[in-house]
Structures are given as C-alpha cells and as structure tokens.
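# An overview of the molecular structure
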Amino acid sequence: MTSTSPVDAAGPLLSFTSHNDDKLTTIVLLHGGFTCHLEFALVLPHLSEFHVLVPDLPLHSASRHIQPGTTDNSAWHVAQLIRSHAHGGKAHVVGVSMGGYIGQCLALDQPDLVLSLFVTGAAPPVGARLFMAQWPSVTYYTMKLTLHWLPDWLYRYQMASLGLLMSDELTAAMRENITWPLVQDMFPWIVRFTLDHVRALKVRTLSIAGAQGDDVPMIERTADALRSRRTEQDEAWPEDGSGAVVIRKAAHGWDMQFPELFAQGVSAWVKKERLPEEFERL
C-alpha cells in the first residue's frame, strides 16, 4: 500500500491510499460525508484482486486543505486522481452517500473516465433526507450533538445498534471533519439532483438502497429512470445490467455494516457477474 498527497501544476491533489498496484483493473472508493478513507478499512481486504484507490475527499481529513468541498469540485479532483493514478486512466467508481453523488457528478461531466458506477444511498433526495440537505444547519448541529456533545458510550451504542463497525480512529476523524464550511458546501448540488440527472448518466450504473436507512420508493423510481435511458440517437439504452437494487437488512452506510458483502457486490458488478442474493433487483 502507498499513501500520498501529491501536488501538480494545477494545485494540490487529493490525499489517497493505493492498494494492489500490480492488479490491472482500478476501482476508486469514495467515502461518505464526514468520514474518510478509513470508512473502507474492512472492505479493502476483500478487494485484493483489484487495484484500489481510496482518497480523502475535499475538506475531509488529509484533504482538508482542499476547498471548496462542493460536489462538483470534489468530482473534479477525483477525475484528476483517475487520470494520474488509475491504470489506463479509467476506473470503476464506487461511492457511498456523499461519495455516491460525487461519483454520479463525475459520470455526468466526464463519462469517459468512468468504466462503471456502483453507488449506494445516493438516489435523488426526498422526504427527511431532502429536508436535511435544504437546511444544512440541522445536519451540522445534529452531527455536533451526536459526536461532540453526547457521551461517547451513547454514540457507540447507536452505531452498534445499527451493526456499523467503526474504529476509534474513524470516529476521531469524523469528529474533526464536522465543520461548517463542509456542511455548507456538501448539499447544494445534491438538492438539485433529480431523476432527470439519473436518466442522463451515460455509464453502466447500479444504484443501491439499504432498506433500513434509505428511501426504498425513491430507489424504485431510480430503477425505472435507469431502465428508461435513451441514447443520443433516441434509441433504448443497451442492456448492460444497469438498474437499482435494495438490500433489506442494510443501513445507510452498510459498507461499514456488511463489509464483505459490500466487496462481493462491487467485485461482481465490476466483473459483470451475478450479484449476491442479498441484492434484490427492482
């Protein structure tokens, strides 16, 4: 494994770790809001047959110096990472929550860099999730309350009740990453993200919902949107496996709940194999 925070003529690049550099196919793992590359610590051992790049996204941990933390700026930096370090200058992009929106933004703007998308918890926001995105101060103070002001044992209990496997190191990183600039930057693009954007995706895409934390009716609509995509010649999009799935026992950040299953899903998706049985097609 290598870890670096390079700088080029265009300015600083994302801090990232690189794993299994001798493997031919590159996967980029994009973490959720307020976490960092440590989110995937338990996933990585199960992706040993792939070259894997795991960045800290702008305003997060070792990339905190990179501003702003907007979705489009984050996507731009991920694009630079892929160009510079992915084998062949292209990668399969895997994103969780905020990372899923960044992956979709990247695929919309620069589809030539993205071999496929595997995103979870990143459907167009509705209901409570849309409210939180529209009122970032609610998210900010909720996160501060949860990670700074309530007793540590209570937060651990909450995570354990969801089955989330979080290290002390990741929890400490999350405390440091809860900043007002990040909350302000994170949500404007997400609020504007709609099913029309989903229909505009030009790459092979799998969108996932954890039924214990995500909006299942919206992921059903997302499945319809992916199936209804058209080519520039107004023909039906080629059958490439794109669509949406729900995982009934999964929470929102289920990569930290079922890391081996998450990796199995990513591997099957990248290799165009049958998805695990827990992946319920919609």
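Residues numbered from 1 in each chain as written. Predicted model: local features only at pLDDT ≥ 70, side-chain atom pairs only at ≥ 80, totals over all residues. Heavy atoms only, no water.

### Looking at the overall build of the chain
Our working definition: Numbering of helices and strands runs from the N terminus, with a helix taken as a DSSP run of H or I at least four residues long and a strand as a DSSP run of E at least two residues long. Within these notes, the globule rule equals 2.2 Å times the number of residues to the 0.38 power, and the radius of gyration is based on C-alpha atoms. Categorising residues by exposure relies on relative accessible area from a 1.4 Å probe, with only protein chains included: less than 20% of the type maximum marks a residue as buried, more than 50% marks it as exposed, and the intermediate range marks it as partly exposed. Residue exposure ignores everything except the shown protein chains as possible cover, and the areas themselves are Shrake-Rupley values with a 1.4 Å probe. None of His or the chain ends enter the tally, which takes Lys and Arg as positive and Asp and Glu as negative. Where a charge lies is defined by one atom per residue type: Lys uses NZ, Arg uses CZ, Asp uses CG and Glu uses CD.
Assigned secondary structure in the chain consists of 11 helices and 11 strands. Relative to the compact-globule value of 19 Å for 282 residues, the chain shows a C-alpha radius of gyration of 18 Å, a close match. In terms of overall dimensions, the chain has C-alpha extents of about 55 × 45 × 30 Å along its principal axes. Residue burial in the chain is summarised as follows: out of 282 residues, 56% are buried. Of the roughly 12400 Å² of accessible surface on the chain, 54% is carried by carbon and sulfur atoms. Looking at charge distribution, the chain has the averaged site of its 22 positive side-chain charges lying 3 Å from that of its 30 negative ones.

### A few points about unusual backbone geometry
In the segment running from Gln67 into Pro68, the intervening peptide bond is cis, with an omega of -5 degrees. Residue placement: Pro68 occurs in the loop between strand S6 (51-55) and helix H1 (71-85). Of note, the phi angle at Lys272 is positive, near 60 degrees, even though the residue is not glycine. Take Lys272: it is sitting in the loop between helix H11 (259-270) and strand S11 (280-281). By relative accessible area, Lys272 is classed as exposed at 62%.

### A closer look at the UniProt feature "domain: AB hydrolase-1" (unreviewed entry) in the chain
The condition that has to hold: UniProt positions are given in the numbering used here, feature names are shortened, and annotations may be inferred rather than shown by experiment.
Under the local residue numbering, the UniProt record ascribes the feature "domain: AB hydrolase-1" (unreviewed entry) to residues 26-156. Taken end to end, residues 26-156 comprises 41% helix and 18% strand; its first and last C-alpha atoms sit 34 Å apart.

### Details of the packing of aromatic side chains
For clarity, the cut-off: Working definition: rings of Phe, Tyr and Trp (its six-membered ring) pair if their centres are within 6.5 Å, and the pair is stacked with planes under 30 degrees apart, edge-to-face with planes over 60 apart, and tilted otherwise. As a reminder, the over-ring test applies to NZ of lysine and CZ of arginine, requiring each to be within 6 Å of the ring centre and within 35 degrees of the ring normal.
Counted under the stated rule, the structure contains 10 aromatic pairs. Summarising the aromatic geometry, the rings of Phe40 and Phe262 are spaced 6.4 Å apart at their centres and angled 35 degrees between planes, so their arrangement reads as tilted. Here the residue Phe40 occupies a position in the loop between strand S5 (26-30) and S6, and Phe262 occupies one in helix H11, the gap between them amounting to 222 residues. Accessibility assignment for this pair places Phe40 and Phe262 in one class, buried. Positioned over the ring face of Trp269 is Arg204, at 3.6 Å from the centre of the ring.

### Some remarks on helix H4 (residues 136-149)
For clarity, the cut-off: Multiplying 1.5 Å by the residue count of a helix minus one yields the expected span of that helix. By the convention used here, residues are in contact when the closest approach between their heavy atoms is within 4.5 Å.
Taking 1.5 Å of rise per residue, the 14 residues of H4 would be expected to cover 20 Å, and the 18 Å separating its terminal C-alpha atoms lies within 8% of that figure. For H4, the complete set of buried residues consists of Pro136, Thr139, Tyr140, Met143, Lys144, Thr146 and Leu147. On the buried face of H4, the contacting elements are helix H3 (127-134), helix H5 (152-162), helix H6 (168-177) and helix H7 (180-186).

### Quick word on the nonpolar core
As a rule of thumb, soluble globular proteins bury nonpolar side chains together. Put simply, the rule is: In these notes, a set of buried Ala, Val, Leu, Ile, Met, Phe, Trp, Tyr and Cys residues joined through side-chain atoms within 4.5 Å is what counts as a nonpolar core.
One finds Val78, Ile82 and Leu106 to be the most contacted residues of the largest nonpolar core, which totals 65 residues. Not counting residues within four places of it along the chain, the set of residues in contact with Ile82 comprises Val28, Gly89, Lys90, Ala91, Val93, Leu106 and Leu113. One finds Phe40, Leu44, Leu47 and Val270 within the second-largest nonpolar core, a separate group that totals 27 residues.

### Focus on the pairing of S6
What counts, and what does not: Pairing between strands is defined by DSSP: at least two bridges between the two strands are required.
Within S6, five of the five residues are buried, which leaves the element mostly enclosed by the surrounding structure. Residues His51, Leu53 and Pro55 line one face of S6 and the alternating positions Val52 and Val54 line the opposite face, and both faces are buried. Across four bridges, the pairing between strand S4 (residues 16-19) and S6 is antiparallel. Paired with Phe16 across the two strands is Pro55, which belongs to S6.

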